[in-house]
Amino acid sequence: MNTQLINKVLNSNAGLGALALRVPVGIILAAHGAQKLFGWFGGYGLEGTGQWMASIGLEPGYLMALLAGSAEFFGGLALVLGLLTRPAAAVSAVTMLVAIFSAHISNGFFLTNNGYEYALALFGATLALAIQGGGALAIDNGLSNILADKRNHQTTQPAGRTA
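Notes on the structure follow. (Residues numbered from 1 in each chain as written. Predicted model: local features only at pLDDT ≥ 70, side-chain atom pairs only at ≥ 80, totals over all residues. Heavy atoms only, no water.)

1. Description of the overall build of the protein
The condition is simple: Only DSSP runs of H or I covering at least 4 residues are called helices, and only runs of E covering at least 2 are called strands; the numbering of each starts at the N terminus. A 1.4 Å probe rolled over the protein chains alone gives each residue an accessible area, and that area as a share of the maximum for its type sets the label: buried under 20%, exposed over 50%, partly exposed in between. Contacts: residue pairs with any heavy atoms within 4.5 Å of one another. Computed by Shrake-Rupley with a 1.4 Å probe, the accessible areas treat only the displayed protein chains as cover when residues are assessed. Asp and Glu are treated as the negative residues and Lys and Arg as the positive ones, with His and the ends of the chain left uncounted. Taken as the charge location is NZ of Lys, CZ of Arg, CG of Asp or CD of Glu.
Each helix and strand in the protein was counted, giving seven helices and zero strands. The N-to-C order of helical and strand elements in the protein reads α-α-α-α-α-α-α. The principal-axis extents of the C-alpha atoms in the protein amount to approximately 65 × 30 × 25 Å. In the protein, which comprises 163 residues, the proportion classed as buried is 37%. Expressed as a percentage of contacts within the protein between residues at least 6 apart in sequence, the contacts between residues at least 24 apart total 67%. Entry remark: accessible area of the protein is about 9,200 Å², with carbon and sulfur atoms responsible for 67%. Computed over 7 positive and 6 negative side-chain charges, the separation of the two mean positions in the protein equals 21 Å.

2. A look at the side chain of H104
Along the chain, the position of H104 falls in helix α5 (residues 85-104). Excluding residues within four positions of it along the chain, H104 makes contact with A99, N114, G115, Y116 and A119.

3. A short note on the environment of A65
You can see A65 is positioned in helix α4 (residues 61-81). Sequence-wise, A65 and E47 are 18 residues apart; in three dimensions their C-alpha atoms are separated by 8.2 Å. If sequence neighbours within four positions are ignored, A65 has contacts with K36, L37, L46, T49, G50, M53 and S70.

4. Focus: the nonpolar core
Quick reminder of the rule: Nine residue types can take part in a nonpolar core, namely buried Ala, Val, Leu, Ile, Met, Phe, Trp, Tyr and Cys, and a core is a set of them joined through side-chain atoms within 4.5 Å.
Counting 16 residues, the largest nonpolar core has V25, L29, L79 and M96 as the members making the most contacts within it. Going through the elements one at a time, α2 (16-38), α4, α5 and α6 (117-132) are the ones with two or more residues in this core. If you tally residues by element for this core, the top one is α6, at six residues. Ignoring anything within four residues of it in the chain, the contact list for M96 reads L29, E72, A119, L122 and F123. L37, M53, L58 and F73 belong to the second-largest nonpolar core, a separate cluster that totals nine residues.

5. Topic: the packing of aromatic side chains
In plain terms, the rule: Stacked, tilted and edge-to-face pairs are distinguished by plane angle, under 30 degrees for stacked and over 60 for edge-to-face with tilted covering the rest, among Phe, Tyr and Trp rings (Trp via its six-membered ring) whose centres lie within 6.5 Å.
Under the criterion given, the structure shown has seven aromatic pairs. For the pair W40 and F41, a centre-to-centre distance of 6.3 Å together with 90° between the ring planes defines the contact as edge-to-face. The class of F41 is exposed, set by a relative accessible area of 60%. For the pair F109 and F110, a centre-to-centre distance of 5.1 Å together with 85° between the ring planes defines the contact as edge-to-face. You can call F109 partly exposed: its relative accessible area is 36%.

6. Here's the deal with the environment of S102
Definition in use: A 3.5 Å cut-off defines polar contacts: any pair of N or O atoms within that distance qualifies, except that in protein one atom must be a possible hydrogen donor and the other a possible acceptor, and neighbouring residues in sequence count only when both atoms are side-chain atoms.
Tracing the backbone through its elements, the reader meets S102 in helix α5. The residues touching S102, leaving out its near neighbours within four places in the chain, are I56 and L58. Within polar-contact distance, the side chain of S102 engages the backbone oxygen of V98 at 2.5 Å.

Here you go:
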């Protein structure tokens, strides 16, 4: 297992700023994903969202709704918890780019006209989290510490002995 790469993905010294960013953004994304997947909070569920996605050229619509809804719902939950923050944020950032260019860009900037300003704000927030990681109180930090302890334990074993 490449623990160096995993540690780079998990480790973050971003502090409380990342926590303050990832929790509300995670809640927003999870709620929007729940609309797409389950029809909660006034959403249309997979069938309705899939039909709408197909109508704007994202085909097959049902699959696109499943992918976008899953990225938002599960990615949002992961951000709230600080679990695999960088990968979850990166997937969410890509999802926001797709939303901007497929559904909102032709409506201009402002949200009042169904423009892209809101998706752009979520893109910026998720991109920042993908770069800086989960920060304080993220599960990622605990996982990183466990891996570091395991690596340190393996390197301190005498030759020929295993734990």
